[in-house]
Amino acid sequence: FRVAGPGECLNYTWDIPADHPPGTHWYHPHYHTLTTDQFKGGAIGMIIVEDDDPNLPEWAYDELLLQISQPAGQYKLMYGNGLAQEETFNIMGDKWYRLRVSVATPNGKLSTLWFEEGGCLFYKVASDGIWHNAPFGTYQGISWGMTGASRADFAIKCSPGSNNTVNWENGIVAFINVGESAGDMSSVPPGQAPAKPLYTAEVPAANKWNITLIGGTMFGHPYTYNRTISGFRWYPEPPSAMATIAWNQAHEYNFRYSIFHPYHIHMYHVLIVQEGGCGDFIEGEFYDTVAAHTDCLVRFFTADFGQKMIMHCHDLPHEDAGMMVWMDVEGEGMPRNLEDGSSYMCPEGFTPPTSSGSGSAPASSPTAPGTESAPAAAPGDDEDSAAGSRFVYGVTVVMAAVVMAVTTAW
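Predicted, not measured: the structure shown is a model, and the values here were computed from it.

Here we look at the sheet that holds strand 17 (residues 208-214)
Alright, step 1. Overall, mixed pairing links the six strands, which are arranged 18-17-20-25-22-23 in an open sheet. In the strand order of this sheet, the two ends are held by strand 18 (228-229) and strand 23 (286-287), each with one partner.
Alright, step 2. Examined bridge by bridge, strand 22 (residues 270-272) and strand 25 (residues 296-301) share two bridges and lie antiparallel to one another. For Leu271, the partnering residue across the bridge sits in strand 25 and is Arg299.

Considering the nonpolar core
Alright, step 1. Counting 33 residues, the largest nonpolar core has Tyr253, Phe255, Ile265, Met309 and Met311 as its most contacted members.
Alright, step 2. If you list the elements that add at least two residues to this core, you get strand 17, strand 19 (243-246), strand 20 (250-256), strand 21 (263-265), strand 22, strand 25, strand 26 (307-313) and strand 27 (324-330).
Alright, step 3. Apart from the residues within four sequence positions on either side, Met309 is in contact with Ile245, Tyr253, Ile265, His266, Met267, Tyr268, Phe300, Val325, Trp326, Met327 and Val329.
Alright, step 4. Core analysis: the next-biggest nonpolar cluster, separate from the first, contains 28 residues, Leu66, Met78, Ala134 and Ile156 among them.

Points about the environment of Glu252
Alright, step 1. Examined against the element boundaries, Glu252 turns out to sit in strand 20.
Alright, step 2. Assessed through its relative accessible area of 11%, Glu252 is described here as buried.
Alright, step 3. For the pair Glu252 and Leu297, spaced 45 residues apart in the sequence, the C-alpha separation amounts to 7.1 Å.
Alright, step 4. Each residue touching Glu252, except ones within four places of it in the same chain, is listed here: Val203, Asn207, Lys208, Trp209, Leu297, Val298 and Arg299.
Alright, step 5. At a separation of 2.8 Å, a polar atom in the side chain of Glu252 contacts the side chain of Arg299.

Points about the side chain of Thr302
Alright, step 1. Mapping Thr302 onto the fold places it in the loop between strand 25 and strand 26.
Alright, step 2. Beyond its immediate stretch of four places on either side in the chain, Thr302 contacts Ile245, Ala246, Trp247, Asn248, Gln249, His251, Tyr268 and Val329.

Rules of the game
Residue numbers here run from 1 along each chain, matching the order of that chain's written sequence. Where local features are concerned, this predicted model is filtered to residues with pLDDT of at least 70; where side-chain atom pairs are given and counted, the filter is 80 or more; whole-chain, interface and lining totals use all residues. Hydrogens and water molecules were not included; the side-chain quantities draw on all heavy atoms of the structure. Pairing between strands requires that DSSP locate at least two bridges from one strand to the other. The numbering of helices and of strands both runs from the N terminus, where a helix is a DSSP run of H or I of at least 4 residues and a strand a run of E of at least 2. Definition used in this section: a nonpolar core is a set of buried Ala, Val, Leu, Ile, Met, Phe, Trp, Tyr and Cys residues joined via side-chain atoms within 4.5 Å. Exposed residues in this analysis have more than 50% of their type's maximum accessible area, buried residues have under 20%, and partly exposed residues fall in between, with area computed by a 1.4 Å probe over protein chains only. Note on definitions: a residue-residue contact is assigned when non-hydrogen atoms from the two residues lie within 4.5 Å. The term polar contact refers here to a pair of N or O atoms within 3.5 Å; inside protein, the definition further demands a hydrogen-donor-capable atom paired with an acceptor-capable atom, and it admits residues adjacent in sequence only when both atoms are side-chain atoms.

Pasting the structure below:
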């Protein structure tokens, strides 16, 4: 992980190739032993990779954004979009919208997102930034199990003049107020998400693991360093990787005890292959954080890039107490990140940019002395794939500035 001290800046650069799946993502700090405190201090936010599929219906671009978070010092109160009161969405009746929801709670536990019954139709169409493989009209409901690190996209349509609420556990986080009719009488959202591969390739025996999350207390204190993943605790430098695993291959993991320790992998989404699914996590769909009452069998493919793959419990006090490990992803021909990620002193008078809410990025951002804003494409990228998008500004700079500010406070 990279660290910015007081008064320092970090630049983040992403190459987003044309075949990268769009979706609803988020960011948060990862400074070990202080992740929980910085998270509670507000160093979180949504990152959206825009859709550019010409076959998606118009409603997929009529967006409502909702970040659900828990403010510092509160254990039951939840905020919608950082507001001390509930968020309010004013929409037209008889019109499909795409509601993007990101949940960010420090304990990360499996809880319930639910909508008030009556007046509206709700279909879950994506999880953790990935469109569902099932048709848009498959998953209808008003109550959904999600972890405190999950995202979900919903297709929603409401009757004219009706009102509804979005709720997390027992609290309202947003009101939906519905105006006059827009004239769309369809009962199922039109269209179909792009198809995705399901990792049906043979998995080598060496790539199959049981991943056991073990918690407990030491000397009666719940947050001491007695939390491990398959017997390993966090130590960031070689040779302390939990294992070296193969790049560009399918892998199959069995997550155990994830209901107590929501399980999250960096870099790769996992496909649920457990027969019948894992409770709220549906067989045949992709997620990046899983919390199930039973063992949960998943697959993922170490595609595109590798190096350090972080795995951790998304109950952040548990993570701060050591429940985080890394695996070294290696393989012949694998593109490598060799960029200098060092921090540098922020320019004098620099203040972080603020979002206009329109989705556009700020016009400029700080750049480390002697660096260019757009480095060359990674090895193996051709001109078309590298031309998808490149982000070197915007929310990444806001993130660096917010994390820096919270780190300074501690």
